[in-house]
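Summary of the model geometry
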Amino acid sequence: MKLAIRNGFYSMRIGFGYDIHPLVEGRKLILGGVEIPFEKGPQGHSDADVLLHAICDGILGALGEGDIGTHFPDSDPRFKGVSSVELLRAVAAKMAEKNLVIGNLDSTVVAERPRIQPFIPRMKEQIAGALRVSSQRINIKATTSEGLGFIGEGKGMAAYAVVLLKEKT
């Protein structure tokens, strides 16, 4: 496969994203743009959706555009309580400006509880909609940390994401 260089970019780019938040009482748990019934939610300036934040960072990394904190700082009152789906849409717009689309997105959520498997199909649809791609290009996995550390004690949640961007055809 020959990769062309256009507008200073190779026709495929890879990015990696990571996010972690403490879990606190009195917050909704929003994950992948989906509200999940649970007694705790992630603490943060926006809705603190760790999965979407990791995906945004992965895409921004692939674009060479810094990270989510650069574009949506927690010191900016405009982003207080904002839906991370809106942040993902803004990142998708940056991707589109460079004529790139998601080729593949693979992600992992790490949490002891709640079990998120039943919510994954809705998360994939939310993410695919925000990125304007088929949900077949989105993969979400879930795991625990086997009771170890901050996450294993139920005090936090993390997510990882790897994205492959390709030239829009």
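About the cut-offs
Each chain has its residues counted from 1, running along the sequence as written. Only residues with pLDDT of at least 70 get local features here, since the model is predicted, and only at 80 or more are side-chain atom pairs given and counted; chain-wide, interface and lining totals rely on the full set of residues. To obtain the side-chain values, all non-hydrogen atoms of the structure were used and water was disregarded. Throughout, an axis means a line fitted to C-alpha atoms (over the contacting stretch in the case of helices), and angles, computed between N-to-C directions, take values from 0 to 180 degrees. Secondary structure elements are defined from DSSP: runs of H or I of at least 4 residues count as helices, runs of E of at least 2 residues count as strands, and each element is numbered from the N terminus. Convention used here: angles under 35 degrees read as roughly parallel, angles over 145 as roughly antiparallel, angles from 65 to 115 as roughly perpendicular, and any remaining angle as oblique. Contact criterion: two residues are considered in contact whenever any of their non-hydrogen atoms come within 4.5 Å of each other. Polar here means any residue other than Ala, Val, Leu, Ile, Met, Phe, Trp, Tyr, Cys and Pro, which are nonpolar, and Asp, Glu, Lys and Arg, which are charged; Gly is therefore polar. Put simply, two rings from Phe, Tyr or Trp (the six-membered ring, in Trp's case) pair if the centres are within 6.5 Å, and we call them stacked under 30 degrees between planes, edge-to-face over 60, tilted for the rest. For every residue, the accessible area obtained with a 1.4 Å probe (protein chains only) is divided by the maximum for its type, and the residue is called buried under 20%, exposed over 50%, and partly exposed between those limits. Strands are treated as partners if at least two bridges between them are detected by DSSP. A right-handed crossover is one whose linking path, passing over the helix from the first strand to the second, runs clockwise when the strands point away from the viewer. Under this rule, positive means Lys or Arg and negative means Asp or Glu; His and the chain ends count for nothing. Whenever Lys or Arg places a side-chain nitrogen within 4 Å of a carboxyl oxygen from Asp or Glu, that contact is recorded as a salt bridge. Polar contacts here mean pairs of N or O atoms no more than 3.5 Å apart (in protein, one a potential hydrogen donor and the other a potential acceptor; neighbouring residues in sequence count only if both atoms are side-chain atoms).

**Details of the packing of helix 3 (residues 84-97) against helix 4 (residues 120-131)**
Helix 4 packs onto helix 3 with a crossing angle of 40° between their chain directions and a minimal axis gap of 8 Å. When the axis of helix 3 is compared with that of helix 4, the two are oblique. For the pair formed by helix 3 and helix 4, the contact residues are Val85, Leu88, Arg89, Ala92 and Met95 on the first element and Gln126, Ile127, Ala130 and Leu131 on the second. Grouping the amino acids of the contact of helix 3 with helix 4 by side-chain chemistry returns seven nonpolar, one polar and one charged.

**Re the environment of Ile102**
With respect to the helices and strands, the residue Ile102 is situated in strand 7 (residues 100-110). For Ile102 and Glu167, which are 65 residues apart along the polypeptide, the C-alpha to C-alpha distance reads 8.7 Å. Discounting residues that sit within four places of it in the chain, Ile102 has contacts with Ile59, Met95, Leu131, Val133, Arg137, Val163, Leu164 and Leu165.

**Observations regarding the packing of aromatic side chains**
The full count for this structure, using the stated rule, is two aromatic pairs. Here Phe16 and Tyr160 contribute two aromatic rings whose centre-to-centre distance is 6.3 Å and whose plane-to-plane angle is 35°, an arrangement assigned as tilted. Taken together, the residues span a long stretch of sequence, with Phe16 in strand 3 (residues 12-25) and Tyr160 in strand 9 (residues 156-167) at a distance of 144 residues. Of the residues examined, Phe16 reaches a relative accessible area of 52% and is grouped as exposed. Tyr160 sits in the partly exposed class, given a relative accessible area of 36%. Judged by centre distance (4.9 Å) and plane angle (45°), the ring pair of Tyr18 and Tyr160 falls under tilted. Highlighted residues: Tyr18 in strand 3 and Tyr160 in strand 9, separated in sequence by 142 residues.

**Re the sheet that holds strand 8 (residues 138-143)**
Strand pairing in a sheet relies on backbone hydrogen bonds, with the paired strands running either antiparallel or parallel. Read from one edge to the other, the open sheet built from five strands follows the order 6-3-9-7-8, with strand pairing classed as mixed. Two strands lie at the open edges of the sheet, namely strand 6 (40-42) and strand 8, each paired on one side alone. Between one strand axis and the next, the sheet turns by 20° as a mean value, whatever way the strands run. Here strand 3 runs beside strand 6; their pairing, made up of three bridges, is antiparallel. Note that in strand 6 the partner of Val24 across the bridge is Gly41. Along the sheet, helix 1 (residues 50-63) contacts strand 3, strand 7, strand 8 and strand 9; its crossing angle with strand 3, the most-contacted strand, is approximately 155°. Contacts from helix 4 reach strand 7 and strand 8, with the element oriented near 140° to strand 8.

**Things to note about the pairing of strand 8**
Inspection of the sheet shows strand 7 paired to strand 8 by six bridges, in the parallel sense. Bridge assignment links Ser107 to a residue of strand 8, and that residue is Ile140. One crossover worth recording links strand 7 to the parallel strand 8 by way of helix 4, and it is right-handed.

**Considerations on the side chain of Glu112**
As for its position among the elements, Glu112 is in the loop between strand 7 and helix 4. In this structure, Glu112 is buried with no salt-bridge partner, the nearest side chain bearing the opposite charge being Arg115 at 6.3 Å. Within the structure, the side chain of Glu112 is placed 2.8 Å from the backbone nitrogen of Ser145, a separation counted as a polar contact. One polar contact links the side chain of Glu112 to the main-chain amide nitrogen of Gly147, over a distance of 3.4 Å. When neighbours within four sequence positions are excluded, Glu112 is seen to be in contact with Thr144, Ser145, Glu146, Gly147, Ile151, Gly152 and Gly154.

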